[in-house]
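Read off the chains here:
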Amino acid sequence: MTVNLEVAEGVGTLRLDRPPMNALDVATQDRLKELAEEATRRDDVRAVVLYGGEEVFAAGADIKEMQAMDHTAMVLRARALQDSFTAVARIPKPVVAAVTGYALGGGCELALCADYRIAAEDAKLGQPEILLGLIPGAGGTQRLARLIGPSRAKDLIFTGRMVKADEALALGLVDRVVPAGEVYAQAHAWAAKLAQGPALALRAAKEAVDTGLETDIETGLAVERTWFAGLFATEDRERGMRSFVAEGPGKAKFL
């Protein structure tokens, strides 16, 4: 399989496994969607790590496969391409990307689907589609602009240039830069810590933030208000407040 889902201690690792560069061909895109939806359904998956291995995250689409597609073929495929990445972005649990080596084109777009990105010191990220006479087609024009702002996103998209990890950190494209050998361990630790948290509250927080970014503030506040009140019906809320009153903050144990 070109993508695998490995689950341990509440953390599901979505591992790309298509050597040598984890090129995202059609089969890999479809498998990614399938496993993202499985991670969404599974109660034993409480947080997710996106990982491509020690050498490379994902160097982009399978260009040879794309070259063989004409306009009609891509019209039929483009929605499925976006849907595979959207399935990752909509996993209602904390998702962290562990970025090693190259995260280019579709690889960068996949990292953008995570809630948090940890990159190796020698990682390189970018959206080089313009160099092929194209634009990003798996959400890059939308998610990148929302993450780092339209001007910075246009610079990367217009030029197609790669950025090193330190610049990616300065741009806000990644959130933490660590030695290459520590990327997965730190990503897994981030996910494992959140896997012990209140699942419904984390889901609510993610949906409220993501929905608010896609709409006006009044609608965003309505979503927040609905989730906030709804969480008062959960056992996690009762457990958290009971622990706070009895033991102080940060001591609650959630199921």
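Check the entry above for the structure.
Figured I'd write up the structure that's included with this text. Treat the numbers as computed from the prediction; the structure is a model and nothing was measured.

**Let's talk about the packing of helix α1 (residues 26-41) against helix α3 (residues 71-89)**
- In the contact formed by α1 and α3, the axes pass within 8 Å of each other and the chain directions differ by 40 degrees. Read as a crossing pair, α1 and α3 show a hand that is left-handed. On α3, the residues touching Val-26, Gln-29, Asp-30, Leu-32, Lys-33, Ala-36 and Glu-37 of α1 are Arg-77, Leu-81, Asp-83, Ser-84, Ala-87 and Val-88.
- Considering only residue class, the contact of α1 with α3 consists of six nonpolar, two polar and five charged.

**Observations concerning a negative patch on the surface**
- Taken together, the side chains of Glu-54, Glu-55, Glu-121, Asp-122 and Glu-182 define an acidic patch exposed on the protein surface.
- Note that Glu-121 resides in the loop between β6 (116-120) and β7 (124-126).

**A few points about the nonpolar core**
- Membership of the largest hydrophobic core comes to 60 residues, with the highest contact counts inside it found for Leu-50, Phe-57, Val-99, Leu-125 and Leu-173.
- Looking at which element gives the most residues to this core, the answer is helix α8 (residues 183-195), with six residues.
- The residues contacting Leu-173, other than those within four sequence positions of it, are Cys-108, Leu-112, Arg-117, Leu-125, Leu-144, Leu-147, Ile-148, Leu-156, Val-163 and Ala-168.

**Some details on the sheet that holds strand β3 (residues 47-51)**
- One open sheet holds the six strands; their spatial order is β1-β2-β3-β4-β6-β9, and the pairing between them is mixed. Edge positions in the open sheet fall to β1 (3-8) and β9 (176-178), since each of these has one partner strand only. Mean inter-strand twist for the sheet, computed between neighbouring axes without regard to direction, equals 20 degrees.
- Across three bridges, β6 lies against β9 in parallel orientation. In the sheet register, Ile-118 faces β9, and the bridge partner there is Arg-176.

**What about the packing of aromatic side chains?**
- For the structure on display, the rule yields three aromatic pairs.
- The interplanar angle of 5 degrees and the centroid separation of 5.1 Å between the aromatic rings of Tyr-116 and Trp-190 together place this pair among those described as stacked. Here the residue Tyr-116 occupies a position in strand β6, and Trp-190 occupies one in helix α8, the gap between them amounting to 74 residues.

**Things to note about a nonpolar patch on the surface**
- The grouping of Met-21, Tyr-102 and Met-162 at the surface amounts to a nonpolar patch, some 260 Å² of accessible area in total.
- Considering the arrangement of structural elements, one finds Met-162 in strand β8 (residues 162-164).
- Met-162 sits in the partly exposed class, given a relative accessible area of 42%.

**Details of the sheet that holds strand β5 (residues 102-104)**
- Pairing is mixed across the open sheet formed by three strands, whose spatial order is β5-β7-β8. Each edge of the open sheet is held by one strand with a lone partner, namely β5 and β8. Strand-to-strand, the axes of this sheet are offset by a mean angle of 20 degrees, without reference to chain direction.
- Examined bridge by bridge, β5 and β7 share three bridges and lie parallel to one another.

**Brief notes about the packing of helix α9 (residues 199-213) against helix α10 (residues 217-230)**
- Closest axis-to-axis distance for the α9/α10 pair is 8 Å, and the angle between their directions is 170 degrees. Taken together, the axes of α9 and α10 are roughly antiparallel relative to one another. Contacts between α9 and α10 involve Leu-200, Arg-203, Ala-204, Glu-207, Ala-208, Thr-211 and Gly-212 from the former and Gly-220, Val-223, Glu-224 and Trp-227 from the latter.
- Among the residues making up the contact of α9 with α10, the classes are represented as five nonpolar, three polar and three charged.

Each value, and the rule that gives it
- Along each chain, residues carry numbers from 1 onward, in the same order as the chain's sequence is written.
- Totals for whole chains, interfaces and linings use every residue, but because this is a predicted model, local features are given only for residues with pLDDT of at least 70 and side-chain atom pairs only at 80 or more, for both listing and counting.
- Just so you know, side-chain values use all the structure's heavy atoms and leave hydrogens and water out.
- Every axis corresponds to a line fitted to the C-alpha atoms, with the helix fit spanning only the stretch in contact, and the corresponding angles, defined between N-to-C directions, vary from 0 to 180 degrees.
- Each helix is a run of H or I in the DSSP string that is no shorter than four residues. Each strand is a run of E no shorter than two, and both are numbered from the N terminus.
- Two helices crossing with the near one rotated counterclockwise from the far one by less than a right angle form a left-handed crossing, whereas a clockwise rotation gives a right-handed crossing.
- Residue contacts follow a heavy-atom distance rule, with two residues in contact if any of their heavy atoms lie within 4.5 Å.
- Three residue categories are used. Nonpolar comprises Ala, Val, Leu, Ile, Met, Phe, Trp, Tyr, Cys and Pro, charged comprises Asp, Glu, Lys and Arg, and polar comprises the others, including Gly.
- Each patch is built from residues that are more than 30% exposed by relative accessible area and take part in no salt bridge. Like charges join if they lie within 9 Å; nonpolar side chains (Val, Leu, Ile, Met, Phe, Trp, Tyr) join within 5 Å.
- With residues, only the protein chains shown are counted as cover, and all accessible areas are computed by Shrake-Rupley using a 1.4 Å probe.
- When a carboxyl oxygen of Asp or Glu lies within 4 Å of a side-chain nitrogen of Lys or Arg, that pair is called a salt bridge.
- His is not counted, nor are the chain ends; Lys and Arg add positive charge and Asp and Glu add negative charge.
- Positions of charges follow a simple convention, taking NZ of Lys, CZ of Arg, CG of Asp or CD of Glu.
- Nonpolar core, defined: a set of buried Ala, Val, Leu, Ile, Met, Phe, Trp, Tyr and Cys residues in which side-chain atoms within 4.5 Å join the residues together.
- Think of it in three bands: residues with accessible area under 20% of the maximum for their type are buried, residues over 50% are exposed, and the middle band is partly exposed, with areas taken using a 1.4 Å probe on protein chains only.
- Between any two strands, pairing holds if DSSP finds at least two bridges.
- The pairing test for Phe, Tyr and Trp rings, Trp by its six-membered ring, is centres within 6.5 Å, and the orientation test on the planes gives stacked under 30 degrees, edge-to-face over 60, and tilted for anything in between.
- Should an angle lie under 35 degrees it is considered roughly parallel, over 145 roughly antiparallel, and from 65 to 115 roughly perpendicular; all remaining angles are considered oblique.

Interpretation in functional terms is not warranted from these geometric data alone.
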